[in-house]
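So the chains spell out like this:
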Amino acid sequence: MRYLLLICGDESAAAHAEDGCGGWTEDMQERGLLRATGGLRPPTEARTVRVRRRKLLLSDGPFAETKEQIAGFCIIECADLDEAVQAAARHPAAGYGTIEIRPFSS
Amino acid sequence: MSTDVKAAVDAAFRDEWGRIVATLIRTTGDWDLAEECAQDAFAMALQRWPKDGIPGRPGAWLTTAARNRAIDVLRRKAVGAAKLREVAAMSPPPEPGPVFGTETDHSGVPDDRLRLMFTCCHPALSLEARVALTLRTLAGLTTAEIARAFLASEPTMAKRLVRAKQKIQHAGIPYRVPPAHLLPERTPGVLGVLYLLFNEGYSATAGADLVRQNLSAEAIRLARVLARLMPDEPEVAGLLALMLLHDARRGARLDAAGDLITLEDQDRALWDGAEISEGVAILEAALRLGRPGPYQVQAAIAACHATAPTADHTDWPQIAALYGRLLEFLPTPVVELNHAVAVGMARGPMAGLELVEALAAAGKLAGYHLLPATRADFLRRLGRMPEAAAAYRETLELTSTDAERRYLNRRLAETSGQA
């Protein structure tokens, strides 16, 4: 099964922006479980796009104003949810932020 | 239909339903199909057994019937040959009797119920979903029965079950017993669901729906299965012992009006001696494994009460020590309060009062009626009547059930009369 890991944190998590993943990425790659991964610039640099009545509506900032921000993502391939949970728990960001696990719809 | 056949089908249902469903889920991967085919097999038994006689091994007959039904359905759905072979290889339950040994792809004796329990009680599912799934798939209660037991409408319960099964599929919740290193964190989840089921049934009043009252029996039955499948887990045995020791007192718990009778006032002749002996024996075997846990300690407390010939013979010092031990596992304010009660009985009301006052001063359990009720009781026993009366009044404000209010008003009259 394929899962998206959303790495989230509040503003204090920005302090960890340059931390890297402490070997997590390499480990996951070695096991052949990592499909894609990326870190994201902060939401202040986001642009949000909507098209309504054929008009393009652009706004600054993220779509949802929440305290928790998405700082990065990974797409992993696991046998089941338990494996995905274990993989997420090993990610260093789980130690200061939160990681949301979302199964892909098949 | 003869009552023999009806009784045989009922017995087979209790013994075999969960096993058949669990195996069909593993072989077909389809929860709904598994339930349907198991249901069809029992319907066939009701038709055929009156004519053909009750088979020597009802479980094997039902397993074969359910398997054949599944093969028919899958054929019509034109699934691949590999899947069909897997279902066809589904073995009838081993003979004779219950299976000892853990879940097992290695020992050659498959019992898929353990997988089913862990999957139904997976932490990714809501507690409500875990309870409903366990009752439907393992205990074989109908959706209507589960809805009645939890005072929900049938469509609501049906929706809850559908969503839970969808979540298992879509989120990839595995159908297996967790690996050894995950068992310590996952087993309590299974035990928690069984204990919740037990308590739902145990707290059901005499007038409550029979389905609801039967939840305790279902919980005990499932705990027995789990204890057989996980013989090395003393907490599983501890939970089973705890349930049996509580259940043994069921007949003495309510008076004619349906009011709760406190432990000390219960007629001990109404307690089920055989159930108490069984509970104590199971607990002792579990304790010998040398890995105590919260269920074993609670069972030990229940055993102290259950084996005291009269209320006056209760070994309160032992119970107080056990509550102290329980606090190490479950450091909750409610356990602290129970500890205080036991200390009050073991070492006198002053010692108990000090612990309760400390709890109250810490602001724990604010609004919980048993806190002032316990304080009131200690103050009354110390002869400090005006303070006791004030505490009883405080308790009355927090209490909603009629039976408790009647009791408290009696106490209030006693204490304010002497004030």
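Given the structure is predicted, the values throughout are model-derived calculations rather than measurements.

Cut-off values and rules
- Residues numbered from 1 in each chain as written.
- Chains lettered and ligands numbered in written order.
- Predicted model: local features only at pLDDT ≥ 70, side-chain atom pairs only at ≥ 80, totals over all residues.
- Helix = DSSP H or I, 4+ residues; strand = E, 2+ residues; numbered from the N terminus.
- Buried ≥ 20, exposed ≤ 12 C-beta atoms within 10 Å, placed from the backbone.
- Contact = placed C-beta atoms within 7 Å.
- Pairing = 2+ DSSP bridges.
- Axes fitted to C-alpha atoms, helices over the stretch in contact; angles between N-to-C directions.
- Parallel < 35°, antiparallel > 145°, perpendicular 65-115°, else oblique.
- Nonpolar A, V, L, I, M, F, W, Y, C, P; charged D, E, K, R; others polar.
- Domains from an automatic or database assignment.
- Bend = angle between axes of the 7 residues up to and from the residue.
- Core = buried A, V, L, I, M, F, W, Y, C linked by C-beta atoms within 7 Å.
- Left-handed = near helix turned anticlockwise from the far one by under 90°.

Asker: Looking at this structure, I do not really get the overall build of chain B. What am I missing?
Answerer: Assigned secondary structure in chain B consists of 20 helices and zero strands. Projecting the C-alpha coordinates of chain B onto the three principal axes gives extents of approximately 85 × 45 × 40 Å. Residues classed as buried in chain B amount to 41% of the 419 residues present. Sequence separation of 24 or more characterises 59% of the internal contacts of chain B that already satisfy a separation of 6 or more.

Asker: Quick question: what am I supposed to make of the pairing of strand 4 (residues 55–60) of chain A here?
Answerer: Regular strands place side chains that alternate from one sheet face to the opposite one. Residue and element names in this part refer to chain A. Taking burial as the measure, the six residues of strand 4 include zero buried ones, a minor fraction of the element. As judged from the six bridges shared by strand 3 (residues 47–52) and strand 4, these two strands associate in the antiparallel manner. Among the inter-strand pairings, Thr 48 is bridged to a residue of strand 4, identified as Ser 59. Taking the residues that link successive antiparallel strands as the turn, the strand 3-strand 4 hairpin has two residues, and the phi of Arg 53 there is positive, at about 50°.

Asker: Looking at this structure, I do not really get the packing of helix 1 (residues 3–28) of chain B against helix 5 (residues 113–120) of chain B. What am I missing?
Answerer: When two helices pack together, their arrangement is given by the angle between the helix axes and by the axis-to-axis distance. Residues and elements named next belong to chain B. At a minimum axis distance of 8 Å, the contact between helix 1 and helix 5 shows a crossing angle of 80°. Considering their axes alone, helix 1 and helix 5 lie roughly perpendicular with respect to each other. On the side of helix 1, the interface is formed by Gly 18, Arg 19, Ala 22, Ile 25 and Arg 26, while helix 5 contributes Arg 113, Arg 115 and Leu 116. For the contact of helix 1 with helix 5, the per-class residue count stands at three nonpolar, one polar and four charged.

Asker: What am I meant to see in the domain arrangement of chain B here?
Answerer: Many descriptions give the size of an interface as the accessible area lost when the pieces come together. According to the domain assignment, chain B consists of domain 1 (3–92), domain 2 (111–230) and domain 3 (243–255 + 264–310). Between the C-alpha centres of domain 1 of chain B and domain 3 of chain B there is a distance of 38 Å.

Asker: Could you clarify how one ought to interpret helix 1 of chain B in this entry?
Answerer: Given 3.6 residues to a turn, an α-helix orients residues that are three or four positions apart in the same direction. Glu16(B) marks the point of greatest bend in helix 1 of chain B, at about 50°. Remark: Gly29(B) follows helix 1 of chain B within two positions and exhibits a positive phi of approximately 70°.

Asker: In this structure, what is going on with the nonpolar core? I would like to understand it.
Answerer: The nonpolar side chains of soluble globular proteins are, as a tendency, buried together. Counting 126 residues, the largest nonpolar core has Leu194(B), Ala223(B), Leu226(B), Leu240(B), Ala241(B) and Leu245(B) as its most contacted members. Discounting chain neighbours no more than four positions away, the residues touching Leu245(B) are Ile276(B), Gly279(B), Ala299(B), Ala302(B), Ala303(B) and Ala306(B).

Asker: Would you mind showing me how to read the packing of helix 1 of chain B against helix 2 (residues 31–52) of chain B here?
Answerer: Residue and element names in this part refer to chain B. As a packed pair, helix 1 and helix 2 sit with axes 9 Å apart at the nearest point and diverge in direction by 150°. When the axis of helix 1 is compared with that of helix 2, the two are roughly antiparallel. At the point where helix 1 passes helix 2, the crossing takes the right-handed sense. Mapping the contact onto sequence places Val 5, Ala 8, Val 9, Ala 12, Phe 13, Trp 17, Ile 20, Val 21, Leu 24, Ile 25 and Thr 28 in helix 1 and Trp 31, Leu 33, Ala 34, Glu 35, Cys 37, Ala 38, Ala 41, Phe 42, Ala 45, Leu 46, Trp 49 and Pro 50 in helix 2. Residue classes in the contact of helix 1 with helix 2 are distributed as 21 nonpolar, one polar and one charged.

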